[in-house]
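The chain contents come next:
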Amino acid sequence: MVEMFAAENGLKGDPRLQAISNAIRVVPHFPKQGIMFQDITTLLLDHKAFKHTVDIFVDRYKGMDISVVAGVEARGFMFGTAIALAIGAKFVPLRKPKKLPGEVIAEAYELEYGSDCLEMHVGAVEAGERAIVIDDLVATGGTLSAAIRLLERVGAQVVECGCVIGLREVKGQRRLNGKPLYILVEPREIDGCYY
Amino acid sequence: MSAYRDKDPLIHGIQSKIRVVPNFPKPGIMFQDITTLLLDPKAFKDTIDLFVERYKGKNISVVAGIEARGFIFGPPIALEIGAKFVPLRKPKKLPGKVISEEYILEYGKDCLEMHVGAVEPGERALVVDDLIATGGTLCAAMQLLERVGAEVVECACVIELPDLKGRERLNGKPLYVLVESR
């Protein structure tokens, strides 16, 4: 699996990455004790940094003949639609169960405790289309993995997954079905504690 | 106000891309599905451009979007007009300190939350959602913004269901829609 951090792939020293990282807020113990939540809502309040975020993804994907941007509910919507509009691709929302009104296909994925499900409209994506998946953050890769499977089930080619924030892979363990992953920044720390 | 008369060909293009799904989420409801609009890059861009054209240069510093379909239209508008984007979410989704506003559903109640500190007094704000039905959610959204001292300039939706009279629930605030569905 190829995991690429923007700073090590063409954007070394780019001041936009620092601005993006600085705009992210860490909320300790959310949603539960021990989790240092990476809150991107503060990034959305910083117009310049938000624009940088979208621009970096757009610059990367615009020449790659991408016709589908799939965004994972709900924070993937916040970044994915602007990217889709700028590169001239369709936007396909991947949603929790029972939200999409038409005929759907569903893919289950594991949570720490239990499982959840991601759905996509039948007919939204055609066989042979080149797609990217966008979300705000990647942790274990479970959700992204389900997103990739949905797209591949209808015959699309997932070119890459793009996330604003991502941890460095731990011991090569991240379930992304061999697909490349492009990450802008690492999680922010508080007092030296890691997410 | 609706965009209908001025921009007929663009509006017609947008309206034609909205899919009606009968009996969703329950029997009798003709659901206005905007996901098919998002599959047409030109129509989606036209949608955003119509809002941007209206709000650019009006000194709007906040675009508040209602979860979750407001997150589809709101951020691109915010980026184009130079405003911040503020997500208004269902309970327990926002990680920081929040203020909450309850609103009435057909059966029961629900609640909308906004981060404390996201919006400052005196800021000029828009509220964006895909559709206005009864106006209950938009009303709650406006309340949240006004409680922190912002001025809600207008509510903006792609679709209005005029028969549900949501416009009347907006306490006199202007509503701008692109498409009406009867």
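That block above? That's the structure.
The residue numbers shown here count from 1 along each chain, following its written sequence. To read the labels, note that chains go from A and ligands from 1, taken in the order they are written. Two thresholds apply to this predicted model, a pLDDT of at least 70 for residue-level local features and 80 or more for giving and counting side-chain atom pairs, whereas whole-chain, interface and lining totals are computed over all residues. Excluding hydrogens and water, the side-chain figures rest on all heavy atoms present in the structure.

Chemist: Mind showing me how you'd approach the sheet that holds strand 4 (residues 84–88) of chain B here?
Modeler: Hydrogen bonds between backbone atoms are what pair the strands of a sheet, whose relative direction is either parallel or antiparallel. Residue and element names in this part refer to chain B. By the convention used here, strands pair only if DSSP detects at least 2 bridges between them. We count a stretch as a helix when DSSP gives it H or I for four or more residues in a row; a strand needs E for two or more, and each element gets its number in order from the N terminus. The sheet built from five strands is open, its strands ordered 4-3-7-8-9 with parallel pairing. Two strands in the sheet have a free side with no partner beyond their single neighbour: strand 4 and strand 9 (175–180). Across this sheet, the average inter-strand angle for adjacent strands is 20 degrees, counted without regard to direction. With five bridges joining them, strand 8 (residues 151–160) and strand 9 adopt parallel strand pairing. Counterpart to Cys157 in the pairing with strand 9 is Val177. Each axis is a line fitted through C-alpha atoms, and for a helix only the stretch in contact is used; angles between axes span 0 to 180 degrees, taken between their N-to-C directions.

Chemist: How should the packing of aromatic side chains be read in this particular structure?
Modeler: Residues and elements named next belong to chain A. Any two rings among Phe, Tyr and Trp, with Trp reduced to its six-membered ring, count as a pair given centres within 6.5 Å; such a pair is stacked if its planes are under 30 degrees apart, edge-to-face if over 60, and tilted if neither. Within the structure shown, the criterion is met by 10 aromatic pairs over all chains. Considering the side-chain rings of Phe30 and Phe37, the 5.1 Å spacing of their centres and the 85 degrees angle between planes classify their relative orientation as edge-to-face. A centroid spacing of 6.4 Å and a plane angle of 70 degrees characterise the contact between Phe57 and Tyr182, whose relative ring orientation is edge-to-face. You can see Phe57 sitting in helix 3 (residues 47–61) and its partner Tyr182 sitting in strand 10 (residues 181–185), a full 125 residues away along the chain. Side by side, Phe57 and Tyr182 carry an identical accessibility label, which is buried. Among the aromatic residues, those joined into a ring-pair cluster are Phe57, Tyr61 and Tyr182. Lysine NZ or arginine CZ positioned within 6 Å of the ring centre and within 35 degrees of the ring normal marks a charge as sitting over the ring. When the ring centre of Tyr182 is taken as reference, the NZ or CZ atom of Arg60 above it lies at 3.9 Å. Geometry around Phe5 places Arg168 over its ring, the cationic atom sitting 4.1 Å from the centre. Buried, partly exposed and exposed residues are distinguished by accessible area as a fraction of the type maximum, computed with a 1.4 Å probe on protein chains only: under 20%, between the cut-offs, and over 50%, respectively.

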